[in-house]
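Each chain, written out:
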Amino acid sequence: MFFRDVIGQEEIKQRLILEVNEGRIPHAQLICGPEGVGKMPLAIAYARYISCTNRGETDACGTCPSCVKFNKLVHPDVHFVFPIVKSAKGKREVCDDYIADWRPFVLNNPYFNLNHWLNEMDAENSQALIYAKESDEIMKKLSLKSSEGGFKITIVWLPEKMHPVCANKLLKLLEEPPEKTIFLLVSEAPEMILPTILSRTQRMNVRRIDENNIDRVLQTKYGIQPADSLSIAHLANGNFIKALETIHLNEENQLFFDLFVSLMRLSYQRKIREMKMWSEQVAVMGRERQKNFLGYCQRMIRENFIYNLHQRDLIYMTINEQNFASRFAPFVNERNVMGIMDELSEAQLHIEQNVNAKMVFFDFSLKMIVLLKQ
């Protein structure tokens, strides 16, 4: 992954390149922003540029020994930390146990999210974490001398998923960093990270990708026709992962849409027995998928509320979603929109706390009966 492979984000690229060339690289950077904007590709391209022994003005050379190792993500001075699922069967407890899966996964899909990684790990119903034991691994790696005489770089993907023990040990490392070490924390929810860690990092906010940049990549790399690429780029709303999912007609999004439509209809018709069956259907999905579904529901409620304003440039829905919104949107209004969003947030919190999923979803569906009538 080079800077040239990162979609858009020219201003941030220039800032990172300038930091390296002027010799003022912060020992800890927090790269944060919404999903699908290229935070991980930026972090890897930055690490490559720092490590490159023959760097150019705008990118790494691609041919020096360091760059050759980066082509396979096997540079001995670059370490990855990411959420994993403990596996008693395979005795997988730290990130290095998954590194053989992680490297090709990142190389083949530089724009990915947690759900994609969970599928790669066959996580099923488990929730991914950066476990306490990982902190010992980080300290052990950073206590060793640099293999190539340069910086030792640790890229932490989703630091908000760190176990409190791991987070506190990382804090100590950030307070007294070993010589020539760099931490790159790639986050989508910085508000969930320890405030003491945040205060010791230099924050860099990555904005959503410009529509024109997504449109260009869809045409040049994926061969999408201009009319379609413009529509997909607008629908993606700066999220390249969403653009890719739209191209591939993502099955999960279709499932979420069908479940959402079914719930709204059953709740409006007060079909309690069918609502209970609906809750049981959603309850068998893994917890991460349940959280993703509730996130999808929040987006659909928000989009349907905006649909009533008749501002087409503010609407980010597929054709199917818009067809449903043309009939459903009037039921989402000023009287109930905040109530529905609050109930969805509460359901999401309960799922994260491992509350019985059948109870959570059936309770939410019952509340929708009242809310849709307001």
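Here goes a summary of the coordinates provided.

What counts and how
Note on numbering: residues in each chain are counted from 1, in written sequence order. The predicted nature of this model means local features are confined to residues of pLDDT at least 70 and side-chain atom pairs, given and counted, to a pLDDT of 80 or more, with totals for whole chains, interfaces and linings taken over all residues. Side-chain measures here rest on the full set of heavy atoms in the structure, leaving out hydrogens and waters. By salt bridge we mean one thing: a side-chain nitrogen of Lys or Arg within 4 Å of a carboxyl oxygen of Asp or Glu. Labels follow the DSSP assignment, with helices taken as runs of H or I lasting at least four residues and strands as runs of E lasting at least two, numbered in each case from the N terminus. Exposure is judged per residue with a 1.4 Å probe applied to protein chains only, and the accessible area is read against the type maximum: over 50% gives exposed, under 20% gives buried, and values in between give partly exposed. Under the convention used throughout, the expected extent of a helix is 1.5 Å for every residue step, that is, one less than its residue count. Here the rule is simple: two strands pair whenever DSSP picks up at least two bridges between them. In summary, the charge assignment counts Lys and Arg as positive and Asp and Glu as negative, without counting His or the chain termini. By the criterion applied in these results, polar contacts are pairs of N or O atoms within 3.5 Å in which, for protein atoms, one can donate a hydrogen and the other can accept it, and in which residues neighboring in sequence qualify only through two side-chain atoms. Contacts: residue pairs with any heavy atoms within 4.5 Å of one another.

### As for the pattern of salt bridges
Here the structure, examined in full by the defined rule, presents 15 salt bridges. Notably, a salt bridge pairs Arg15 with Glu19, separated by 3.8 Å at the nearest N-O pair. Separated by four residues within a single helix, Arg15 and Glu19 lie in helix H1 (residues 10-21), roughly one turn from each other. We classify Glu19 as buried; its relative accessible area is 2%. Linking Lys133 and Glu93 is a salt bridge whose minimum nitrogen-to-oxygen distance equals 2.9 Å. Of this pair, Lys133 sits in helix H6 (residues 133-143) while Glu93 sits in the loop between strand E2 (78-81) and helix H4 (99-108), and the two are 40 residues apart along the sequence. Taking relative accessible area as the criterion, Glu93 reaches 34% and is therefore assigned partly exposed. Overlapping salt bridges bring together Glu343, Asp363 and Lys367 as one network.

### As for helix H2 (residues 39-51)
Helix length check: H2, at 13 residues, gives a terminal C-alpha distance of 18 Å against a target of 18 Å (1.5 Å per residue), a fit within 8%. Within H2, 13 of the 13 residues are buried, which leaves it mostly tucked inside the rest of the structure.

### Quick word on the pairing of strand E1 (residues 28-32)
E1 sits mainly inside the fold: five of its five residues count as buried. Two elements, E1 and strand E4 (residues 181-187), share five bridges in a ladder whose sense is parallel. If you follow Ile31 over to E4, its bridge partner there is Val186. Strand direction decides the pairing type here: E1 and strand E5 (residues 202-205), joined by four bridges, are parallel. In the sheet register, Leu30 faces E5, and the bridge partner there is Arg203.

### Overview of the side chain of Glu160
One can find Glu160 in the loop between strand E3 (152-157) and helix H7 (164-175). An unpaired buried charge is present at Glu160: no salt bridge exists, and Lys161, the closest side chain of opposite charge, is 7.2 Å distant. Separated by 3.1 Å, the side chain of Glu160 and the backbone nitrogen of Ala189 make a polar contact. Not counting chain neighbours up to four residues away, the residues in contact with Glu160 comprise Ser187, Glu188, Ala189, Met192 and Ile193.

### Considerations on the side chain of Thr201
Within the secondary structure layout, Thr201 lies in the loop between helix H8 (195-198) and E5. For Thr201, a relative accessible area of 13% gives the class buried. Here the side chain of Thr201 touches Leu198 through a polar contact of 2.9 Å, landing on its backbone oxygen. Excluding its chain neighbours within four sequence positions, the residues that come into contact with Thr201 are Ala28, Gln29, Leu30, Leu174 and Leu185.

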